[in-house]
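Below, each chain spelled out in residue letters.
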Amino acid sequence: MSLKAKVHVYLKPGVLDVQGKAVEGALHGLGWGDVANVRVGKTIEFDLKSADRAAAEAEVKAMCEKLLANTVIEGYRVEVA
Amino acid sequence: MKAAVVVFPGSNCDRDCKVAVERSTGAPVEMVWHQETTLPAGVDLIVLPGGFSYGDYLRCGAIAALSPIMPAVKDAADRGVAVLGICNGFQMLCEAGMLPGALLRNAGLKYVCKPVELDVTNAQTRFTAAYGSKRRVRMTQGNGDGNYFADAETLDRIEGEGQVVFRYVDNPNGSARDIAGIVSARGNVLGMMPHPDRAFEPELGSADGADLFRSVMASA
């Protein structure tokens, strides 16, 4: 069956996110002063043919480890539906 | 004596590296397309050049690190052949797991292109032996993602093992502990953000990069 995979990649806590800081500054400038700890990540979406969801999820996790995320600095979350 | 420069789609310092190595050392340099799976026989130095391989897509150096030529580069490094990654090449070496850590977006968010002063913190590597007692060198740097990061434990380890080779005198990008260049545990793989290939003749503002190429070719 064809499944939709969504991978969310984000910088790990403790890794300086300069983009997040810049966006936070801009939000503060617009008056949203209560905003804190902005982090900018990315979402990667794709279709995947697989026999079942669990197998697909394992495949996508392998893709994250090998290419989609750099686990030295990034964490990831996988959704398969 | 022979060197090879690997050319990736988006490399833009490949020619600079070839000219720099040839003029500094007299060694012939072969250009190797990233789709190759073997390196020229008998190379003593493999250079991964600066640039924007694959448009810096996904992460700088991430896709280049999976190029068909990279298993041959890793294999050569495992045999003790010298590998030098400059700028984007340093990012590739980290992405390939050949050096610890990673390069993040510059702390000031800007692309920083300017000459930088560096402290040679280990002059006993095969890349820096020719500096002798000289402890301060000058090279040009140009990058947007040159902010070296590793966890505290890794930083302590590489500092303790003498793997930190160059440090910024005036840190331009937020790099952890002012690190500008590191070597592998074995000492034959060097990654650095500043460009020795842009500093190999006085006409370029500095000739300090030439000694690096001379050191490594003399060590072969």
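This text goes with the structure placed above it.
Model, not experiment: these values are computed from the prediction.

The rules behind each value
Residues numbered from 1 in each chain as written. Chains lettered and ligands numbered in written order. Predicted model: local features only at pLDDT ≥ 70, side-chain atom pairs only at ≥ 80, totals over all residues. Helix = DSSP H or I, 4+ residues; strand = E, 2+ residues; numbered from the N terminus. Rg over C-alpha atoms; globule rule 2.2 N^0.38 Å. Contact = placed C-beta atoms within 7 Å. Axes fitted to C-alpha atoms, helices over the stretch in contact; angles between N-to-C directions. Parallel < 35°, antiparallel > 145°, perpendicular 65-115°, else oblique. Nonpolar A, V, L, I, M, F, W, Y, C, P; charged D, E, K, R; others polar. Pairing = 2+ DSSP bridges.

Engineer: Tell me about the overall build of chain B, residues and numbers included.
Structural biologist: Looking only at helices and strands, chain B features five helices and 11 strands. Its C-alpha atoms give chain B a radius of gyration of 15 Å, within 12% of the compact-globule value 17 Å for 220 residues. Dimensions of chain B, computed from C-alpha atoms along their principal axes, come out at roughly 40 × 40 × 35 Å. The contacts in chain B between residues at least 6 apart in sequence include a share of 76% that link residues at least 24 apart.

Engineer: Give a description of the packing of helix 1 (residues 14-25) of chain B against helix 5 (residues 208-218) of chain B that names residues and reports values.
Structural biologist: Residues and elements named next belong to chain B. One can describe the packing of helix 1 onto helix 5 by two numbers: an axis separation of 9 Å at closest approach and a directional angle of 75 degrees. The angle between the axes of helix 1 and helix 5 places the two elements in the roughly perpendicular class. Between helix 1 and helix 5, the residues in contact are Ala-20, Val-21, Ser-24 and Thr-25 and Gly-209, Ala-210, Phe-213, Arg-214 and Met-217, respectively. Tallied by class, the residues present in the contact of helix 1 with helix 5 amount to five nonpolar, three polar and one charged.

Engineer: An account of the sheet that holds strand 1 (residues 2-11) of chain A is needed here, citing residue identities and associated values.
Structural biologist: Residues and elements named next belong to chain A. With antiparallel pairing, the three strands of this open sheet are ordered in space as 2-1-3. Single-partner strands in this sheet number two, and they are strand 2 (42-49) and strand 3 (74-80). Ignoring strand direction, the axes of neighbouring strands in this sheet form an average angle of 20 degrees. As defined by bridge partners, strand 1 adjoins strand 2 across eight bridges and the pair is classed as antiparallel. Bridge assignment links Leu-3 to a residue of strand 2, and that residue is Leu-48. Docked against the sheet, helix 2 (residues 53-68) engages strand 1, strand 2 and strand 3, running at close to 155 degrees with respect to strand 3.

Engineer: With reference to specific residues and values, describe the interface of chain A and chain B.
Structural biologist: With nine residues of chain A at the contact, the number on the chain B side is 11 residues. In terms of residue count, helix 1 (residues 18-29) of chain A provides more of the side of chain A that touches chain B than any other element does, three residues in total.

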